[in-house]
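Residue-level listing of the chains:
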Amino acid sequence: MTLICLHTSLQNMVCVLALVQLCLGHFNGVFGDEVKSVSVMEGENVTLHTDVTELHTDDVILWMFGVQRPDETIAEINREVKKTSSISEKLKNHVEIDDQTGSLIITNITTQHTGLYQVEIIGNTVQNKHFSVTVYAGLSVPVISRVSSQCSSSSSSSCCCVLCSVMNVSHDVSVSWYKGKSLLSSISVSDLNIRLSLPLEVEYQDTNTYRCVVNNPITNLTQHLHINQLCHMSSESPDQRLIVITPVVVSVLCVIIIIIIIISVYMKKRKVKSSESVKLQTVEMRSISSSSTCEDEESSKCLMKNKNTELEQDQCKHVAQTVTQVS
């Protein structure tokens, strides 16, 4: 660009101002400070637009990436030689370039892709755009559980302590308790954490609506508190529950004692009957033994008597024979 300046102080000043404005306009195009913020959930697709309707044939597109500053080349496209080169391993298999506009398309984005992006389109002029991309991990559904610790309130005998917990918490996540639409308490974490928990104390007879909400700048998840189910006997105080439980326990103990007594008496009677049966069997055995002995003795006596009779008969025969011979 040729500038014709006259040799007057006023004209010289005008020329200088024109040159300065031209230079500032050029450098603002290359080193513009405007940064567009983009927030997205992990797993989604995001497009960083160049706002160019159509690229020229001799344009060169250069995309850069970095956590603190964009100093790593993602992709470089030379439309004149129709050559595309991708260098970044971190974004490999996640990057596509729109041939018409040069926009960067990141598919299935992860938290590792959080950082600063810069596109430089070099042609007849140099155009720059900067993006700050924040990728948030998916939220876990909050879990509400009852804790056994004592309530800190003055009416601790009639309150129920619950805890809302969220696992695998990422950055910029907060957990909050709401009573209806009113915020009761909240806790947040800026760095990665394994678990985030927030306690709450409610009355057993409380009929208000409570909910635990976990959220990040993009989305949120809600879990409602069901006092009747989680705290049980919500309509009775601990003293009332004790009055109900005590008679039941006593009744159960009485039944157990009666059963034990019945079993003991039964076992004792059974033992006595068993002993008597053994004695009766012993007596019978002895009777049988005695009968056998008596029968044996009588048999012996009969044998002896038979033998004596035979001897007498023999003697009679002998005497008869002697008389016969004599006569």
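All values derive from a computational prediction rather than experimental measurement.

Parameters and conventions
- Residues numbered from 1 in each chain as written.
- Predicted model: local features only at pLDDT ≥ 70, side-chain atom pairs only at ≥ 80, totals over all residues.
- Heavy atoms only, no water.
- pLDDT = per-residue confidence, 0-100.
- Contact = heavy atoms within 4.5 Å.
- Disulfide = S-S within 2.5 Å.
- Helix = DSSP H or I, 4+ residues; strand = E, 2+ residues; numbered from the N terminus.
- Buried < 20%, exposed > 50% of the residue type's maximum accessible area, 1.4 Å probe, protein only.
- Pairing = 2+ DSSP bridges.
- Axes fitted to C-alpha atoms, helices over the stretch in contact; angles between N-to-C directions.
- 1 Å grid on protein atoms, 1.4 Å probe; cavity = no way out; pocket = protein on both sides within 12 Å on 5 of 7 lines; lining within 4 Å.
- Points joined across faces, edges and corners; volume = space filled by probe spheres on them.
- Nonpolar A, V, L, I, M, F, W, Y, C, P; charged D, E, K, R; others polar.
- Core = buried A, V, L, I, M, F, W, Y, C linked by side-chain atoms within 4.5 Å.

A few points about the confidence of the model for the protein
Line of reasoning, step 1. On average, residues of the protein score 76 in pLDDT, and 67% of them are at 70 or above.
Line of reasoning, step 2. Between residues 1-32, whose pLDDT stays under 50, and residues either more than four places distant or in other chains, the model counts 15 contacts.

Focus on the state of the cysteines
Line of reasoning, step 1. Under the counting rule described, the total for this entry stands at 2 disulfides.
Line of reasoning, step 2. There is a disulfide in this structure between Cys160 and Cys231, and the S-S distance comes to 1.9 Å. Across the S-S bond of Cys160 and Cys231 the torsion is about -85 degrees, and the bridge reads as left-handed. Remark: Cys231 occurs in the loop between helix 2 (227-230) and helix 3 (238-326) and Cys160 occurs in strand 11 (residues 159-169); sequence separation between them is 71 residues.
Line of reasoning, step 3. The disulfide that involves Cys164 links it to Cys212, with 1.8 Å between the sulfurs. Handedness here is read from the sign of the S-S torsion; for Cys164 and Cys212, about -80 degrees, the answer is left-handed. With Cys164 in strand 11 and Cys212 in strand 15 (residues 210-215), the pair connects residues that are 48 residues apart, well separated along the chain. Across this residue pair, the class does not change: Cys164 and Cys212 are buried.

Quick look at the pairing of strand 9 (residues 126-136)
Line of reasoning, step 1. Two strands pair when backbone bridges link them, and strand 1 (residues 35-41) and strand 9 are joined in this way by 7 bridges, in the parallel orientation. Each bridged residue has a counterpart across the sheet, and for Ser39 the counterpart in strand 9 is Thr134.
Line of reasoning, step 2. Inspection of the sheet shows strand 8 (residues 115-122) paired to strand 9 by 8 bridges, in the antiparallel sense. Bridging from a neighbouring strand, Tyr117 pairs with Phe131 of strand 9.
Line of reasoning, step 3. In textbook terms, the turn of a hairpin is the stretch between consecutive antiparallel strands, and for strand 8 and strand 9 this stretch comprises 3 residues.

Some details on the sheet that holds strand 6 (residues 95-97)
Line of reasoning, step 1. Read across the sheet, 3 strands follow the order 2-7-6 without closing on themselves; strand pairing throughout is antiparallel. Two strands in the sheet have a free side with no partner beyond their single neighbour: strand 2 (46-48) and strand 6. Taking each pair of neighbouring strands and ignoring which way they run, the sheet shows an average axis angle of 25 degrees.

Topic: empty space enclosed by the protein
Line of reasoning, step 1. By the definition in use, this model includes 1 cavity of 30 Å³ or more.
Line of reasoning, step 2. By volume, the largest cavity is sized at about 40 Å³.
Line of reasoning, step 3. For the largest cavity, the full set of lining residues is Gly138, Leu139, Ser140, Val166, Met167, Asn168, Val169, Ser170 and Val173.
Line of reasoning, step 4. Take the lining of the largest cavity: its biggest share by element is 4 residues, from strand 11.
Line of reasoning, step 5. Looking at the lining of the largest cavity residue by residue, the classes come out as 5 nonpolar, 4 polar and no charged.

Overview of unusual backbone geometry
Line of reasoning, step 1. Positive phi, normally seen in glycine, also occurs at Asp51, with a value near 60 degrees.
Line of reasoning, step 2. Tracing the backbone shows Asp51 in the loop between strand 2 and strand 3 (60-66).
Line of reasoning, step 3. According to the relative accessible area criterion, Asp51 is exposed, its value standing at 61%.
Line of reasoning, step 4. Its identity is not glycine, yet Asn108 carries a phi of approximately 45 degrees, on the positive side.
Line of reasoning, step 5. On the accessibility criterion, Asn108 (45% relative accessible area) is partly exposed.

Quick look at the sheet that holds strand 16 (residues 220-225)
Line of reasoning, step 1. Judged by pairing direction, the sheet is antiparallel, and its 4 strands sit side by side in the order 13-12-15-16 without closing on themselves. A single partner strand is all that each edge strand has here, and the edge strands are strand 13 (182-189) and strand 16. On average, adjacent strands in this sheet sit at an angle of 15 degrees to one another, irrespective of strand direction.
Line of reasoning, step 2. For strand 12 (residues 173-179) and strand 13, the ladder comprises 7 bridges, and the chain directions are antiparallel. When the sheet's bridge partners are listed, Lys179 is paired in strand 13 with Ser182.

Concerning the nonpolar core
In globular proteins that are soluble, nonpolar side chains generally tend to be buried together.
Line of reasoning, step 1. Residues Leu48, Trp63, Ile74, Leu104, Tyr117, Phe131 and Val133 are the most contacted members of the largest nonpolar core, which totals 23 residues.
Line of reasoning, step 2. Contributions of two or more residues to this core are made by strand 1, strand 2, strand 3, strand 4 (72-78), strand 7 (104-106), strand 8 and strand 9.
Line of reasoning, step 3. Counting 22 residues, the second-largest nonpolar core is a separate cluster that includes Val166, Val169, Leu200 and Val202.

Considering the environment of His113
Line of reasoning, step 1. With respect to the secondary-structure elements, His113 resides in the loop between strand 7 and strand 8.
Line of reasoning, step 2. The spacing of His113 and Phe65 is 48 residues in sequence and 8.9 Å in space, taken between C-alpha atoms.
Line of reasoning, step 3. Contacts of His113, omitting those with residues within four sequence positions, involve Phe65, Lys90, Leu91, His94, Ile106, Asn108, Val133 and Val135.

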